[in-house]
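Each chain is listed here by its residues.
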Amino acid sequence: MSLAVERGVPAGPEGADPPLLSLRGLSKSFGAVQALSGVDLDIPAGQVSALVGDNGAGKSVMIKTIAGIWSPTSGEIVWDGKPVTVRTPRDADVLGIATMYQDLALCDNLDIVQNMFLGHEELSHRLLDETRMELDAKQTLADLSVTTVQSIRQKVRSLSGGQRQSVAVARAVMRDARLVIMDEPTAALGVSQTAQVLQLIRRLGKRGIAVLIISHNLNDVFAVADRLAVLHLGHLVSSGPISDYDTQSTVELITTGTLSHPERGPAAGNGSEDPKGVLP
Ligand SMILES: Nc1ncnc2c1ncn2[C@@H]1O[C@H](COP(=O)(O)OP(=O)(O)O)[C@@H](O)[C@H]1O
Ligand SMILES: [Mg+2]
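If you're wondering where the values come from, they're calculated on a predicted model, not measured in any experiment. (Residues numbered from 1 in each chain as written. Chains lettered and ligands numbered in written order. Predicted model: local features only at pLDDT ≥ 70, side-chain atom pairs only at ≥ 80, totals over all residues.)

Asker: Account for the overall build of the protein chain, naming residues and giving values.
Answerer: When you go through the protein chain residue by residue, the secondary structure sums to 8 helices and 12 strands. Burial statistics for the protein chain: of 280 residues in total, 45% are counted as buried. Looking at the protein chain alone, contacts between residues at least 24 apart form 67% of all its contacts between residues at least 6 apart. (Helix = DSSP H or I, 4+ residues; strand = E, 2+ residues; numbered from the N terminus. Buried ≥ 20, exposed ≤ 12 C-beta atoms within 10 Å, placed from the backbone. Contact = placed C-beta atoms within 7 Å.)

Asker: Tell me what's going on with the site of ligand 1, and back it up with residues and numbers.
Answerer: Phe 30, Val 33, Ala 35, Gly 53, Asn 55, Gly 56, Ala 57, Gly 58, Lys 59, Ser 60 and Val 61 make up every residue found near ligand 1. Broken down by secondary-structure element, the contributors of at least two residues to the shell around ligand 1 are β2 (33-43) and α1 (59-66). Examining the composition of the shell around ligand 1, we find that 3 residues originate from one element, α1, more than from any other. (Near = placed C-beta within 6 Å.)

Asker: Quick rundown of the packing of helix α4 (residues 130-143) against helix α5 (residues 161-174)? Include the residues and the values.
Answerer: With their axes 10 Å apart at the nearest point, α4 and α5 run at an angle of 110° to one another. With respect to their mutual orientation, α4 and α5 come out roughly perpendicular. On the side of α4, the interface is formed by Asp 136, Thr 140 and Leu 141, while α5 contributes Ala 170, Val 173 and Met 174. Residue composition of the contact of α4 with α5, grouped by class: 4 nonpolar, 1 polar and 1 charged. (Axes fitted to C-alpha atoms, helices over the stretch in contact; angles between N-to-C directions. Parallel < 35°, antiparallel > 145°, perpendicular 65-115°, else oblique. Nonpolar A, V, L, I, M, F, W, Y, C, P; charged D, E, K, R; others polar.)

Asker: Provide a residue-level description of the sheet that holds strand β10 (residues 210-214), including the pertinent values.
Answerer: Strand order across the open sheet formed by 6 strands is β6-β9-β10-β3-β11-β12, with mixed pairing between neighbours. The open sheet has two edge strands with one neighbour each: β6 (97-100) and β12 (235-241). With strand direction ignored, the average angle separating the axes of adjacent strands in the sheet is 15°. Direction of pairing for strand β3 (residues 48-52) relative to strand β11 (residues 227-232): parallel, over a ladder of 4 bridges. Its bridge partner being in β11, Val 52 is matched across the sheet by Val 230. (Pairing = 2+ DSSP bridges.)

Asker: Tell me about the packing of α5 against helix α6 (residues 191-206), and name the residues and values.
Answerer: As a packed pair, α5 and α6 sit with axes 9 Å apart at the nearest point and diverge in direction by 15°. It follows that α5 is roughly parallel to α6 by the angle criterion. Of the two elements, α5 crosses α6, and the hand of that crossing is right-handed. Residues Gly 161, Gly 162, Gln 165, Ser 166 and Val 169 of α5 pack against Gln 193, Gln 196, Val 197, Leu 200 and Leu 204 of α6. For the contact of α5 with α6, a count of residues per class yields 4 nonpolar, 6 polar and no charged. (Left-handed = near helix turned anticlockwise from the far one by under 90°.)

Asker: Explain the sheet that holds β2 residue by residue, including any values.
Answerer: With antiparallel pairing, 4 strands are arranged side by side in an open sheet as β2-β1-β4-β5. Across the chains shown, the open sheet's two edge strands, defined by having one partner strand only, are β2 and β5 (82-84). Pairwise comparison of adjacent strand axes, ignoring direction, gives a mean angle of 30° for this sheet. Contacting β1 (21-30), β2 and β4 (74-79), α1 runs over the sheet at an angle of about 65° to β2.

Asker: Now, about α4: what can you tell me, with residues and values included?
Answerer: Look at α4: 20 Å from first C-alpha to last across 14 residues, which is about the 20 Å you get at 1.5 Å a residue. Along α4, the residues that are buried comprise Met 133, Ala 137, Thr 140 and Leu 141. Along the axis of α4, the buried residues cluster in a sector spanning 95°; they form a single face. Facing away from the buried side of α4 by over 90 degrees, the exposed positions are Thr 131, Gln 139 and Ala 142. Those residues of α4 that are buried are in contact with α3 (112-117) and α5. Looking one or two residues past α4, Ser 145 carries a phi angle of roughly 55°, positive in sign. (Expected span 1.5 Å × (residues − 1). Arc of directions from axis to C-beta.)

Asker: An account of the environment of Leu 144 is needed here, citing residue identities and associated values.
Answerer: Among the structural elements, Leu 144 can be located in the loop between α4 and α5. Given 18 C-beta atoms within a 10 Å radius, Leu 144 is considered partly exposed. A sequence separation of 22 residues divides Leu 144 from Ser 166, and the C-alpha atoms of the two residues are 8.7 Å apart. With sequence-adjacent residues up to four places away left out, Leu 144 is seen in contact with Val 169, Ala 170, Val 173, Leu 200 and Arg 203.

Structure representation (structure tokens):
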């Protein structure tokens, strides 16, 4: 059963650029558990794509497969139009894929600059070039309009959740990431920090970076995403521009994997005159 709304050959302005990342028939099983089944999905540069789905739908397995933690059982990952094999997180890093898991993988006992350069420190005459790293870190944070951090020599331990998220994002930007994947970036944040992180996500899109976020919070999804993809029991049941969806149809797709009134929802296809299904 697939209500896939993924447009085969994209038409119109969306079809102008090939997607940065395409998943083609991506499947992943763990023994008898089929976590992903034949997922086809395009992730374009310069846009924020949101991945939603119930617990166990396969969201984490999907991003871990893109990030080189799992190898797909079958199917293909196409990057910049070319099939690639992402065997390790290092392979993903080389391609320009940065993944932020819920725990963020920052080191609490190090300061902001040290975290931003961890594993990629700049050397000058074989000594760490601290001045250069400080300047680069400051510049990247300023470029992203991250203004709430008092000192870049602050230990990450002392930062708020939103600030930690900002440091992780700045680290990805400084490493020239082309795709930034974030698993529940606002789950642990309060209202104003959530707003800051959502703004930051939008800025990444404006810089031409492809962003893929997993979120349970549909308010956040509708506030920040350009595109939506819905996983249900390992199947990608729907994907398309966010304007094709409203909260009701999204909740229905998440919980049942299908729409009771497909003629009103995104499955109505290209050029639907009533994409949100509000007409009688
Ligand atoms: N390492 C693993 N071994 C076996 N099964 C797994 C493993 N990781 C995930 N799964 C299973 O794959 C399915 C999808 O899980 P997951 O991607 O974590 O869901 P979610 O959408 O909540 O992130 C679930 O049924 C889960 O139990
Ligand atoms: Mg998960």
